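# Chains, contacts and geometry: an overview
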Amino acid sequence: MAKRGFGRSGAEDTEGRTKISKDSFRRSLRIFSYVLPYKYKFIIGLIFLVFSSLTFMVFPLFTGKLVDSSTGQASGWFLEDINMIALGLFGIILLQGVFSFFRVYFFAQVSENAIADIRRDLYSKFVQLPISFYEKRRVGEITSRITTDIGQVQDAMSITLAELFRQTTTLLVGIVIIMWTSIKLSMFMLATFPVLVALALVFGRKIKALSKKTQDELANTNVIVEETLQAINTVKAFTNEMFEVGRYQASLGRAVQTALSTAYYRGAFITFIIIGLFGGIILVIWYGATLVQNGDLSIGDLISFIIYTVFIGASVGGLGDLYGKVQSALGATERILEILNEEEETTSKALRSLNEIPKLAGNISYKNVAFAYPTRTDIAVLNNINLSINAGEKIALVGPSGAGKSTIAQLLMRFYDVAAGSITVDGKDIRDIDLTTLRANIGIVPQEVLLFGGTIRENIAYGRPEATEAEITAAAQQANAWNFIQTFPEGMETLVGERGIKLSGGQRQRVAIARAILKNPAILILDEATSALDSESEQLVQQAMHQLMQNRTTIVIAHRLATIRKVDKILVIDGGAIVEEGSHDELSANPEGIYANLLKLQFELN
Ligand SMILES: Nc1ncnc2c1ncn2[C@@H]1O[C@H](COP(=O)(O)OP(=O)(O)OP(=O)(O)O)[C@@H](O)[C@H]1O
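Just so it is clear, the model here is predicted, and its values are computed rather than measured.

The next thing to look at is the overall build of the protein. Looking only at helices and strands, the protein features 18 helices and 12 strands. Here the C-alpha radius of gyration of the protein, 35 Å, is well above what a compact globule of 606 residues would show, namely 25 Å. Principal axes of the C-alpha set define a box for the protein whose edges measure 115 × 60 × 55 Å. Burial analysis of the protein (606 residues in total) assigns 31% to the buried set. For the protein, restricting intrachain contacts to residue pairs at least 6 apart in sequence, the fraction spanning at least 24 positions comes to 79%.

In the vicinity of the ligand, 13 residues are found, and the nearest of them are Tyr-373, Ser-401, Lys-405, Ser-406 and Thr-407. Of all the elements, helix H10 (residues 405–412) adds the most residues to the shell around the ligand, at three residues. Of the residues in the shell around the ligand, the class split is three nonpolar, seven polar and three charged.

Glancing now at helix H2 (residues 39–70). Under the 1.5 Å per step criterion, the end-to-end length of H2 is 47 Å for 32 residues, consistent within 8% with the ideal 46 Å. Just downstream of H2, Gly-72 is the residue with a positive phi angle, here 75 degrees.

This next bit is on the domain arrangement of the protein. Much of the literature gives interface size as the accessible area that the parts lose upon coming together. Per the domain assignment, the segments of the protein are domain 1 (1–181 + 324–345), domain 2 (183–296) and domain 3 (360–441 + 558–606). Distance between the C-alpha centres of domain 1 and domain 2: 27 Å.

A word on the packing of H2 against helix H5 (residues 139–181). The geometry of H2 relative to H5 is characterised by a closest axis approach of 10 Å and an angle of 35 degrees between their N-to-C directions. In terms of crossing hand, the pair formed by H2 and H5 is right-handed. Mapping the contact onto sequence places Leu-49, Ser-53, Met-57 and Leu-61 in H2 and Ala-162, Phe-165, Arg-166, Thr-169, Thr-170, Val-173, Gly-174 and Ile-177 in H5. Its residues placed into classes, the contact of H2 with H5 shows seven nonpolar, four polar and one charged.

Moving on: the pairing of strand S3 (residues 394–398). For S3, a buried count of five out of five residues is recorded, marking the element as mostly surrounded by other parts of the structure. Side chains Lys-394, Ala-396 and Val-398 of S3 all project onto a buried face; the interleaved residues Ile-395 and Leu-397 project onto the opposite face, where all are buried too. Where S3 and strand S10 (residues 553–557) come together, four bridges link them in parallel fashion. The residue of S10 that forms the bridge with Ala-396 is Val-556.

What follows is about the pairing of strand S6 (residues 442–445). Burial of the side chains of S6 extends over both faces: Ile-442 and Ile-444 are buried on one face and Gly-443 and Val-445 on the other. Pairing between S6 and strand S9 (residues 523–527): four bridges, direction parallel. Looking at the pairing, Gly-443 lines up with Leu-524 of S9.

If you check the backbone angles, Asp-426 has positive phi at about 55 degrees while not being a glycine. Its identity as a non-glycine residue notwithstanding, Asn-480 has a phi of 60 degrees, on the positive side. Take Asn-480: it is sitting in the loop between helix H13 (469–478) and helix H14 (482–487). A residue is classified by how many C-beta atoms lie within 10 Å of it, and Asn-480, with 23 of them, is buried.

Calculation criteria
Residues numbered from 1 in each chain as written. Predicted model: local features only at pLDDT ≥ 70, side-chain atom pairs only at ≥ 80, totals over all residues. Helix = DSSP H or I, 4+ residues; strand = E, 2+ residues; numbered from the N terminus. Rg over C-alpha atoms; globule rule 2.2 N^0.38 Å. Buried ≥ 20, exposed ≤ 12 C-beta atoms within 10 Å, placed from the backbone. Contact = placed C-beta atoms within 7 Å. Near = placed C-beta within 6 Å. Nonpolar A, V, L, I, M, F, W, Y, C, P; charged D, E, K, R; others polar. Expected span 1.5 Å × (residues − 1). Domains from an automatic or database assignment. Axes fitted to C-alpha atoms, helices over the stretch in contact; angles between N-to-C directions. Left-handed = near helix turned anticlockwise from the far one by under 90°. Pairing = 2+ DSSP bridges.

Structure below.
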């Protein structure tokens, strides 16, 4: 399971459960605001829950009376006839069945709808949270909020709460009824039976923990299998087959050891249940039988007493289990609420077409920009960056890996805010430009193009969802993508992504270029692919990029210097600062310069 760690306020154990306290309970109650829109259904469900719980409690009473009526001991009760009581019993069961149906039905309506609302809000929050939120957490951790945690809250809403109510009613009403039936026998039973059930519960917990340990050990052995099968080439290349077999066997040995020590406790548990719990029941029956013998109790009363005892025992056990579930649900609720309280980016919340968004001209200027990533505030990634690009100009950022080139581009999109200095677009600080307007005016062709599962058309249209068919086709043509798309039997309708065909790196880049063409932004960020494409594909991509750059302010993050000779200005970045600046000719004329050296190096490599 993903590690939990959202800087929670409540104390949580390793399984993500929160101690039940007034405070944690009060905080978690806020999740019930999601139930409010469905409150009438909730109340109806609650009424059926009360009815079904109460009819359930009448069942043993009628059973006892049925037995008593056979010996004529039921006289004086409102139903005396054996057939009438049996009929009444049927009636009760029928009612309970019907009540239970409506209880489940109404609670499901409430919980399914409320949970879908929470899921929607959580997802909507996720996509609107700033990138820095994601830097601090792992994806597994975040997705477990929307799966595991929500699942626990759903259980709580649909099952746990109802069960809690039902078991508590059973316990309280059960005790009142048995007291009323026979106070002596009740005292005797209450002194023994619940103690035994509680012991069984503690014992059961211990076994559950041990079983979990066994499962973990087994999971460890599976990790070895998965790892080695995935890297089977490496295993064979290093002739480490027997080494891996040994590792697997050692891991299996540990799993067996844990399983065997669990079996010891499990055996003891079963023995305890048989001797202890059933022994307890025998004691109650024995004492009850002596009361019957002395004429203090009727047989029917004893039978209903025993059934109530079993009910009470089950509810004591059930409540213990429910306590753990409520703890988990509280923990999950707090983690969900914590995310819902996170501050989101100030993007526009309305769905607007790109045409409605104001167009920027694309004059960019960085003034004394300094920056450190929120996760590593101690490391200055950029220092004192000054640059300006006029609308329509093209610049290239070059420099060693890790110099800060991509960071410069990311700051322009306001994925992060600068630590010092300012970035302006058209003379306005980007912190004062509406975030949606800013980003809608920037197009990006990333290094690694990720396509969504869907058709090629949908992937291109992602650049501007309202684009017409003709516009999409034109974009594909300009991006040099049309030709390869035509070679697929389904053309634009070809599925890509996980369930579809896999496009090559160059093809994916051309889809990304088509997306950017469709978006038609004033500013363009081209993050060149680090791995070289084959020369034909390279040429097609370069042509398409060239087409895309026309009349746009462009920042090229270049890894291969051959592709950037035509830009207006080249900035050499090293250690987070601009160390050289000029045209290709100017920079290559300085033999001591970094650019000239990079050129030489690439030339030698090629
Ligand atoms: N999300 C991040 N969190 C923390 N540090 C980061 C993050 N992204 C990049 N860095 C660090 O910032 C520095 C600059 O990274 P950046 O990606 O801007 O370099 P680059 O010049 O684009 O490198 P490359 O050419 O390899 O893509 C590097 O030292 C990198 O380790």
